[in-house]
Each structure stands twice: as C-alpha cells, then as structure tokens.
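Descriptive structure summary
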Amino acid sequence: MNIAVCIKQVPVSNNVSVDPVTHSLVRDSAENTLNPADANALEEAISLKERYGGKVVAFTMGPPAADKALRTAAAMGADELVLITDRVFAGSDTLATARVLAASVGRYGAFDLILAGSESSDGATGQVGPMIAEFMALPHLTELKSVEAVEAGCLRGVKKFKNGGAQVRVRLPAVLTLSYGCNEPRLPTFASQIAAKKKNVTVHTNEDLALPGDAVGLSGSPTEVIDSFEPEKKKNAAFLSGSPAEIAEKILSLIEEGNNIVIR
Ligand SMILES: Cc1cc2nc3c(=O)[nH]c(=O)nc-3n(C[C@H](O)[C@H](O)[C@H](O)COP(=O)(O)OP(=O)(O)OC[C@H]3O[C@@H](n4cnc5c(N)ncnc54)[C@H](O)[C@@H]3O)c2cc1C
C-alpha cells in the first residue's frame, strides 16, 4: 500500500504576530514544528505500511525551511520526502494550497491513500484534505479517529462525531483526514533522527508541476484575509464558592452566558 501524507510546518505556539497591512501571519521569527494532527496522520500511515507493506511518502508545501517537518517525518518512519517550494506559491489560500499539493502528489506517483491532518493548528480551516480529494477526483473521509482495516479494495474506519463515532467505509484510492489525538505518534529514536538528516528530498517547483501562474499563490487564491484582530483581554476575576457540584453549576451558567472562563 503506497501512502502519501501531507504535512504542514506550523508555529510552535499561538504567540505569532499578524502583519497589520497584509493580515497574514508573520511566521519568520516563530519557532516551527510539525502540525500536531499531521503527526497522527503520519503515525496512521506508518502503522498501515507495517500491516500491509508499501511505502510512505511525506509531502510538504512551504519555504525551504519546511524541510525540518520532512526530517521529522523521516525520523518517524516516512520512506520518501517531497518539498514543494516556489516563490510563486507564496500567499496561497486553501484552494491554491490544495491545488499544488494534489498536483505534486499526482506527479510523484500512484497512491492508494492520501492522508492529511483534519486541520492545522495555525490556519485551522480543515479544508485542504477535502479539496485535495476534489482536485484528484477521489472519494474522501474526514475526521477519522481510527482506521480498522483495508479489505477488498476498501478501507474501514471510525469517523469522529461530537458524541461518539460512526463506522465508515471508502473505496480506494481515497483521501482521509485524521483527527488530532486519534493515536499516539511514535517518538523518533536517536538513530532514526541521524538517518533522517541524510535522507534525499525530492523538490517540486512550479516548473515541475506546470500549474498556470494565476492558479497558484495570491493570484490563484479567491479568499483574502481582509481584517484580523486579537481578542480583547478582559480581567474579570470571580471567586466561586460552594461544594464542587455547586461550583460546577456556576461555571456552566457562566459559560452558557458566553463568558470565556480561565480557571486558576
Ligand atoms: C488568518 C489566516 C492567515 C494566514 N496567513 C498566512 C501566511 O501569512 N502565510 C501563509 O503561508 N499562509 C497563511 N495562511 C494560511 C494558508 O492559507 C494556509 O497555510 C493553507 O491554505 C492551509 O490552510 P489551513 O492551515 O487552514 O489548512 P487545513 O485545511 O486546516 O489543514 C488540514 C491539513 O492539510 C494539510 N496541509 C495544509 N497545508 C499544507 C501544506 N502547506 N503542506 C502540506 N500539507 C498541508 C495538513 O495535513 C493539514 O493538517 C493564513 C490563513 C489564515 C486563515
């Protein structure tokens, strides 16, 4: 089973600033890491490879520094790495990002599964996975909390719902997005980290993907951030007293009234 996993490098914390003119995130100074749900997608892909054979190829679109996310993927067990990078991709919204990712995966080879995280911790739209499926004309399942088996050309899993789950099945090839926390991503070993540093990275630029210039980057992005703001910080401390059950009741009504609660 050949599996592509789309992984995104994101800022380590929410402590990133927003450019007041472009309203985009200023990422340069932030420390970056692998998007948490993508570590879950990678773990699922590597477990499937261990069960059914094949290979795992990690794809990331970003600046050259996004190579770091690929090295993390390799240290976890990804077999091959693809960095999709080109100045013309800068400013891509979810549609343009998905278009580029789909073109890169399609150019690289045939895959039985394309996995992604259910959402990123910075943009957090959750749109990219389903959009990749649309561009590749493949079926998709979102927010999976487990993959149970691959049998008779189909994959069976459990989709997350607010109060439980649903057994679902999809015909392969397909795109899946994995919920954050659906499994325990394996920790790279010292040896696997050293080996990951030496792994070859295939680079795809737009010369390789041959997408029209007006289909990528800012000009290929129909959505635009027109304003951004930080939540107003209020300091309305309240001391609640009573039994644990009474305090829980009071907290519940404060939440129902629309208050943001921080418990110290
Ligand atoms: C308010 C706001 C400001 C933004 N500012 C910037 C900015 O300054 N600079 C900038 O570059 N982008 C910026 N973007 C975001 C840009 O549009 C997203 O990086 C991109 O479109 C992915 O959207 P997402 O993070 O919502 O993905 P989601 O749909 O939430 O991601 C789901 C999954 O798709 C996959 N995926 C997503 N993006 C990639 C990727 N690049 N490579 C590989 N896999 C991926 C991952 O598996 C991820 O878990 C901003 C978005 C918003 C909402």
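See above for the structure.
Report follows, based on the coordinates. Remember, predicted model here, so these are calculated numbers, not experimental data.

1. Regarding the pairing of strand E6 (residues 55–61)
When you tally the buried positions in E6, you get six out of seven residues, the bulk of the element. Where strand E1 (residues 2–6) meets E6, five bridges bridge the pair, whose relative direction is parallel. Across the sheet, the residue bridging to Ala 4 is Val 57, located in E6. Judged from the five bridges that link them, E6 and strand E7 (residues 80–84) form a sheet pairing that is parallel. Opposite Val 57, over in E7, you have Glu 80 as the bridge partner.

2. What about the site of the ligand?
Every one of the 32 residues lining the ligand counts as a neighbour, but Ser 24, Ala 116, Gly 117, Gly 123 and Thr 125 are closest to it. Only helix H1 (36–52), E6, helix H3 (94–108), strand E8 (113–117) and helix H4 (128–135) provide two or more residues apiece to the shell around the ligand. Each residue belonging to the shell around the ligand can be placed in one class, and the counts come to twelve nonpolar, 15 polar and five charged.

3. Some remarks on H1
Relative to the 24 Å expected for 17 residues at 1.5 Å per residue, H1 spans 25 Å between its end C-alpha atoms, a close match to the ideal helical length. Taken together, the buried positions of H1 are Ala 37, Asp 38, Ala 39, Asn 40, Ala 41, Leu 42, Glu 43, Glu 44, Ala 45, Ile 46 and Leu 48. Looking at the residues trailing H1, positive phi occurs at Gly 53, about 85 degrees.

4. Digging into unusual backbone geometry
Put simply, Leu 172 and Pro 173 share a cis peptide bond, and its omega is 0 degrees. Structurally, the position occupied by Pro 173 is in the loop between strand E11 (164–171) and strand E12 (174–178). Residues other than glycine seldom take positive phi values, yet Ala 124 does so here, at roughly 55 degrees. Summarising the element assignment, Ala 124 is placed in the loop between E8 and H4. A tally of 12 C-beta atoms within 10 Å means that Ala 124 is categorised as exposed.

Procedures and definitions
- Residues numbered from 1 in each chain as written.
- Predicted model: local features only at pLDDT ≥ 70, side-chain atom pairs only at ≥ 80, totals over all residues.
- Buried ≥ 20, exposed ≤ 12 C-beta atoms within 10 Å, placed from the backbone.
- Helix = DSSP H or I, 4+ residues; strand = E, 2+ residues; numbered from the N terminus.
- Pairing = 2+ DSSP bridges.
- Near = placed C-beta within 6 Å.
- Nonpolar A, V, L, I, M, F, W, Y, C, P; charged D, E, K, R; others polar.
- Expected span 1.5 Å × (residues − 1).

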